[in-house]
Amino acid sequence: MAIRLGDIAPDFTAQSTDGEISFHNWKNDQWVVFFSHPKDFTPVCTTELGYTAKLKDEFEARNTKAIAVSVDSVDDHQAWVGDIEETQGTAVNFPIIADPDRVVADLYDMIHPNADNTLTVRSVFIIDPANKVRLTLTYPASTGRNFDEILRVLDSLQLTDGYKVATPVNWTQGGDVIVSPALSDDEANELFPSGFTKIKPYLRTTAQPNS
Ligand code: BEZ
């Protein structure tokens, strides 16, 4: 069944490049970016995993762990990791789950038979410390994902969890944010000492509270 926003991310135990992983245990109340790729030893996937490895410090700054999955074996993953290191100039510093029996892929609805009957699509799940799914993304095999956008969503989720704001189109760290429509003007004045701009009664902006 499809995973929807707000669902508890299904738990599983599987082999990975870091040994056996029990997902919820491994996650350990942190944020997680869980993503599938179609196949080892393919070009787009090689660039995606290399880039994700280079974001290690960015993920750590957001209390977030990355983990990948495909329907290949641990042996294939291990061999491919060497290629990633060689071609992308980085060690792969997060686990890649081996899912040759497609147990995890089925649990997370990562195989879309009308796109490809056997391989996982490019799914992304952002899962919060309470194990709730906060973002789902599905990309086709031929399009590499933008992992800077994944970081941007993490920033937005972590900001909007802490403050009564939303983030506007193309927002990035430090940009103005939107005052929650649930707040009255008086409440907004109390919560945002720097004030807010009222463009319409439903469209009010303020400086990013935690920047
Ligand atoms: C790739 O990662 O390059 C790829 C994987 C599966 C199908 C097409 C491209």
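Predicted model only: the values in this text are computed from it and were never measured. Note that residues are indexed from 1 along each chain, following the sequence as it is written. Only residues with pLDDT of 70 or above have their local features reported here, since the model is predicted, and side-chain atom pairs are shown and tallied only from 80 upward, although totals for entire chains, interfaces and linings are computed over all residues. Each side-chain value is derived from all of the structure's non-hydrogen atoms; neither hydrogens nor water enter the calculation.

With that settled, consider the overall build of the chain. Here a helix means four or more residues in a row that DSSP labels H or I, a strand means two or more in a row labelled E, and each is numbered from the N terminus. Scanning the chain for helices and strands turns up seven helices and 11 strands. By definition in these notes, contact holds between two residues if any of their heavy atoms fall within 4.5 Å. Here the analysis covers contacts within the chain between residues at least 6 apart in sequence; of these, 66% occur between residues at least 24 apart. Computed by Shrake-Rupley with a 1.4 Å probe, the accessible areas treat only the displayed protein chains as cover when residues are assessed. Accessible surface for the chain amounts to roughly 10600 Å². Of this, 48% is attributable to carbon and sulfur atoms. Computed over 17 positive and 31 negative side-chain charges, the inter-centroid distance for the chain is 8 Å. Under the convention used here, Asp and Glu are negative, Lys and Arg are positive, and both His and the chain ends fall outside the count. To locate a charge, take atom NZ for lysine, CZ for arginine, CG for aspartate or CD for glutamate.

What follows is about helix α2 (residues 43-54). To estimate the expected span of a helix, subtract one from its residue number and multiply by 1.5 Å. Here α2 contains 12 residues, and its C-alpha end-to-end distance of 17 Å stays within 8% of the 16 Å for a straight helix at 1.5 Å per residue. Within α2 the residues assigned to the buried category are C45, T46, E48, L49, G50, T52 and A53. Three labels apply to residues, based on accessible area from a 1.4 Å probe with only protein chains included: buried if under 20% of the type maximum, exposed if over 50%, partly exposed otherwise in between.

Accessible area lost on assembly of the parts is the figure often given for the size of an interface. A domain assignment, automatic or from a database, supplies the domain bounds used here. Here the chain is partitioned into domain 1 (13-158) and domain 2 (163-206). On a C-alpha basis, the centroid separation for the pair domain 1 and domain 2 is 34 Å.

The next point concerns the pattern of salt bridges. A carboxyl oxygen of Asp or Glu within 4 Å of a side-chain nitrogen of Lys or Arg is what we treat as a salt bridge. Going through the model one piece at a time under the given rule, you end up with 11 salt bridges. The salt bridge involving E60 is made with K56; its shortest N-O contact spans 2.9 Å. With E60 and K56 both in helix α3 (residues 56-61) and four residues apart, the pair spans about one turn of that helix. You can call K56 partly exposed: its relative accessible area is 37%. A single salt-bridge network, built from bridges that share partners, covers E48, R122 and R145.

A word on the site of the ligand. Surrounding the ligand, one finds P38, T42, P43, V44, C45, R122 and A141. One of the backbone N or O atoms of P43 is found 3.2 Å from an oxygen atom in the ligand. Separating an oxygen atom of the ligand from a side-chain N or O atom of R122 is a distance of 3.0 Å. Alone, the ligand offers 260 Å² of accessible surface; in the complex the protein occludes 75% of this. If one sorts the elements of the shell around the ligand by residue count, α2 sits on top with three residues. Amino acid classes used here: Ala, Val, Leu, Ile, Met, Phe, Trp, Tyr, Cys and Pro are nonpolar; Asp, Glu, Lys and Arg are charged; the rest, including Gly, are polar. Across the shell around the ligand, the residue classes break down as five nonpolar, one polar and one charged. Distances are taken per atom, and a residue is near a molecule or strand as soon as one of its heavy atoms is within 4 Å of it. The definition of a polar contact used here is a pair of N or O atoms within 3.5 Å, where within protein one atom must be able to donate a hydrogen and the other to accept one, and adjacent residues in sequence count solely through side-chain atom pairs.

With that settled, consider the packing of α2 against helix α4 (residues 74-88). The N-to-C vectors of α2 and α4 enclose an angle of 75 degrees; their axes lie 9 Å apart at closest approach. One way to sum up the angle between α2 and α4 is to call them roughly perpendicular. Where α2 approaches α4, its residues C45, T46, T47, L49, G50 and K54 are matched on the opposing element by W80, I84, T87 and Q88. Every axis in this analysis is a line fitted to C-alpha atoms, fitted for helices over the stretch in contact. Angles between the N-to-C directions lie between 0 and 180 degrees. Here the angle decides the label: under 35 degrees means roughly parallel, over 145 means roughly antiparallel, 65 to 115 means roughly perpendicular, and every other value means oblique.

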